[in-house]
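A structural walkthrough
This is what each chain is made of:
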Amino acid sequence: MTDMENVKPAQVLLVEDNEDDVELTMEALKDSRVRTYVHVVYDGMDAMKFLRRQGEYADKPRPDLILLDLNLPMMDGREVLQEIRNDPDLTDLPVVVLTTSQSEEDICRSYKLHANCYIAKPVDFTKFSEIIKQIEGFWLQLVKLPRKER
Amino acid sequence: MQISKMVKVFFVFWLVIPVLVVVPARAADQPSGAGRIIKSASELDYPPFALVRSDGTADGFSVDLLKEVVRTMGMPLDMTTGPWHDIKQQLADGRLDVLPFVSYSENRDRLFDFSASYMRLHGTVFVREDETGITSEADLQDKAVIVMKGDNAHEYALQNRLAGTLILTDTYEDALMQLSSGKHDAVLMLQLVGFQLLKKLGITNVVSVKSVRETNLKPIPGPLSGYEQKFCFAVQEGDKELLAKLNEGLAIVIASGMYNTLYDKWFGPILPGPKVSWQQVARYLLAVLVPLVLIIAGLGIWFLKKEVARKTRHLQQEIQERKQAEMTLQKSETKFRTLFDVAAIPMCYVSDEGIMVNCNTKFTQTFGYTTADIPTLDAWWQTAYPDPAYRQQVIDTWDAAVKKVQGTQDSIDPIEYLVTCKNRDTRRVIISGTAFPEYFLATFVDITDLKNTEEQLESTLADLERSNAELQQFAYVASHDLQEPLRAAVGFLQLLQSRYRDHLDEKGTHYIERAVNAGHRMQGLINDLLTLSRVNAQNLVPKETDMTRIVAEVVRDLQPVIVEKQAAVNYSELPVLVVDNNQVFSLLQNLVTNALKYNTSRHPAVEIGCQEDGDVYRFFVKDNGIGISPRFHDRIFMIFQRLHTRREYSGTGIGLALCRKIVERHNGRIWVVSQKGQGSVFYFTLPKTKELIK
């Protein structure tokens, strides 16, 4: 634990409009072994502002992982994904689509927009918590990602 | 013609009297005279009286006449030719019996005996055509007259002191040419010679003063005035017998008409045509025309009567036919009018002048207008289309449609218009027309009700489409939005369970478990709804699909259950069909799952097969399971309908509803044949698509 505390925490951007889901996700992340700092934005517009560090998000860090819900007010997750992939500064950010939808169409569309993976949230919290742990383990510890000059 | 006939009669009379006197005296000599060969000879060149043919024989008017006279008297003739002075000497010497052509003179009468003169050539005065002052010899007293030097005419002129001045020429050709060219006043010469010369020289402006009255050369009785020559046959002096025969023969030849024939033959081409007087012409015309006119008139009247009778019959027949036709027309007109009036569609005719001729009952029923309301096409435009802008548009459209079919037999295109009725209602009407000569028939199809229904249908369809879309949207949204609170409820309950374990007693933990289970069931229902809505919403993706392979996959997926239940699933060879293979997979998966699930046999047995049935394949999934009472056979295909408690059999009741949906989307049918406790056979049909079957 002491080792981990010296390491800079991983920055996670959670894009989710449902407070319940936000809290459950935070709870699930609490149990994780990785030190994470979770930033939450509640709609797509704010997500883009955060990533581009505009306005109130000017001093926010570049996230190491984005957890993106698809059904969002104003600008939905599909549009956010498209903007990220079209922006040269953001295109290599890992994006995990984390949504309630099991629709084939949503799945196909997300992969076409180069989501790194698509995960349907299960109803069972135990299963959900397990999934969150696996995501963190995989994206924040296992994989090597290109380093970006900050 | 009559003139020459009269002449001939007189001549014969004059000639025959002496002959009749002589004939009895000579009758005794007749036999000896008849056997004698008459020797004669003719001059070489004195046309047309005497000439020599190319074969050397004699020819000419006088020769022909002599031959005819001698032949008539039954005497043989031996005719030779020779120069005039020669043959004249031979006659004087007695070597010849007769010469055919000798001009009479007192000197010659002493040497020969002369027959009656058969021709006289008289002299005449030739003048220019435009000469008016000279009509006879008497008029020559103060004129310049041309004659040939030493000619008889010369002598005659001198003897009678005819001319004011005598101009002498060497030939008559010269004389006539001088006269023709305008020199001097007249030429005195033999008429016949003059005619021949004028013809030969082609002179047309010179005429004989006598030719105005008469152009006959033939002998005429009575004293001859003026200068003339007589031509006769000449015999030896004293040969009275031959002379008598010649005179007799001559009389006969003249009387028989032979003389005329010969005369016409030789002189016809030379002499100018006889001039006929107006009186004679008139007399002729009267004689010929009057009877002719009478005959024609008679014939005409007869023919006319006949023609009138024929025409009358024809007209009567025509009138009859017309009456018949009129009656037929009237009948057909009545028939047409009735048809027009009772026709189920509004119609009217309009003349080419734009007069509304008639409109039928249905027209008045539909629009309220009678012919009195809209007497003209113009009135129709004004009344039926009160809005000026729309009216103009209608008129333009109609005119264009009419123009398009002008001069053809085609109908005027049906076009939709908004017609204002008498009661101010507007009706949607399709107007078309047929042009006939002089008028056109307009037909109206009132589509107001049809259009309203159509609009209603369209609006209903749109509503349905919208509601269907909403329903699909609803199913999708429900699956998401229902799941979120569900997940939150379940999630927090589970958090409560794990984080506050120590604060909960057994009962509390049990309640939480019950709540979480309920949440899971709810999620199952939501997912089933979603699946069902997807079958509806998604487009079918028909592909050539091997049904045997689909069943094999289903069996493979269910292997754990099959093993667990010690079941046997058998299937025969199945056809290849064009279907959505994902959906057909779900269908078979559900049916086979049910067959295994609702089965309490120790060894569940499932059989899958297929039979051809007309244009469909009928599949079956047969089990030895618990069976279904027939009264539930319909209910089981309805959504969320269950026949068992959850404790007996888990499930939401979506499976067969989904199966039915899939089969129906493939234009098939699904049903069950079963009795409680006797197993079930589920049947479904899928259409054949022959061209794609292997």
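Below is a summary of the structure that appears in this document.

Parameters at a glance
- Residues numbered from 1 in each chain as written.
- Chains lettered and ligands numbered in written order.
- Predicted model: local features only at pLDDT ≥ 70, side-chain atom pairs only at ≥ 80, totals over all residues.
- Heavy atoms only, no water.
- Helix = DSSP H or I, 4+ residues; strand = E, 2+ residues; numbered from the N terminus.
- Buried < 20%, exposed > 50% of the residue type's maximum accessible area, 1.4 Å probe, protein only.
- Contact = heavy atoms within 4.5 Å.
- Areas by Shrake-Rupley, 256 points an atom, 1.4 Å probe, with all protein chains shown as cover.
- Buried area = accessible area lost by both parts, 1.4 Å probe.
- Salt bridge = Lys/Arg side-chain N within 4 Å of Asp/Glu carboxyl O.
- Pairing = 2+ DSSP bridges.
- Right-handed = clockwise from strand over helix to strand, strands pointing away.
- Axes fitted to C-alpha atoms, helices over the stretch in contact; angles between N-to-C directions.

The next subject is the overall build of chain A. For chain A, the helix and strand inventory stands at six helices and five strands. Along chain A, from the amino end to the carboxyl end, the secondary structure elements read α-β-α-β-α-β-α-β-α-β-α. By the burial criterion, 51% of the 150 residues in chain A qualify as buried. If you take every contact in chain A between residues at least 6 apart in sequence, the share linking residues at least 24 apart comes to 67%. Counting every atom, chain A has about 8000 Å² of accessible surface; 48% of that belongs to carbon and sulfur.

By a frequent convention, interface size equals the accessible area lost on bringing the separate parts together. With 21 residues of chain A in contact, the opposing surface of chain B contributes 17 residues. The junction of chain A with chain B conceals about 1800 Å² of combined surface from both sides, 49% of it contributed by carbon and sulfur atoms. The largest share of the area that chain A buries against chain B comes from Leu24, Thr100 and Val123 of chain A, three residues that together contribute 35% of it. For the interface between chain A and chain B, the tally reads two salt bridges. The closest approach of N and O atoms between Asp21 of chain A and Arg487 of chain B, which form a salt bridge, is 2.6 Å.

Residue and element names in this part refer to chain A. For strand 1 (residues 10–15), a buried count of six out of six residues is recorded, marking the element as mostly surrounded by other parts of the structure. On strand 1, burial covers both faces: Ala10, Val12 and Leu14 on one face and Gln11, Leu13 and Val15 on the other are all buried. Of the strand pairs in this sheet, strand 1 and strand 2 (residues 36–41) are connected by six bridges, and their pairing is parallel. Each bridged residue has a counterpart across the sheet, and for Ala10 the counterpart in strand 2 is Thr36. In terms of handedness, the path from strand 1 via helix 2 (residues 19–30) over to strand 2 forms a crossover that is right-handed.

Backbone hydrogen bonds hold the strands of a sheet together, and the pairing may be parallel or antiparallel. Residue and element names in this part refer to chain B. Read across the open sheet, the five strands follow the order 15-14-18-17-16; overall the sheet is antiparallel. Only two strands of the sheet have a single neighbouring strand rather than two, namely strand 15 (356–359) and strand 16 (411–420). Between one strand axis and the next, the sheet turns through 25° on average, direction left out of account. Pairing between strand 17 (residues 426–436) and strand 18 (residues 439–446): eight bridges, direction antiparallel.

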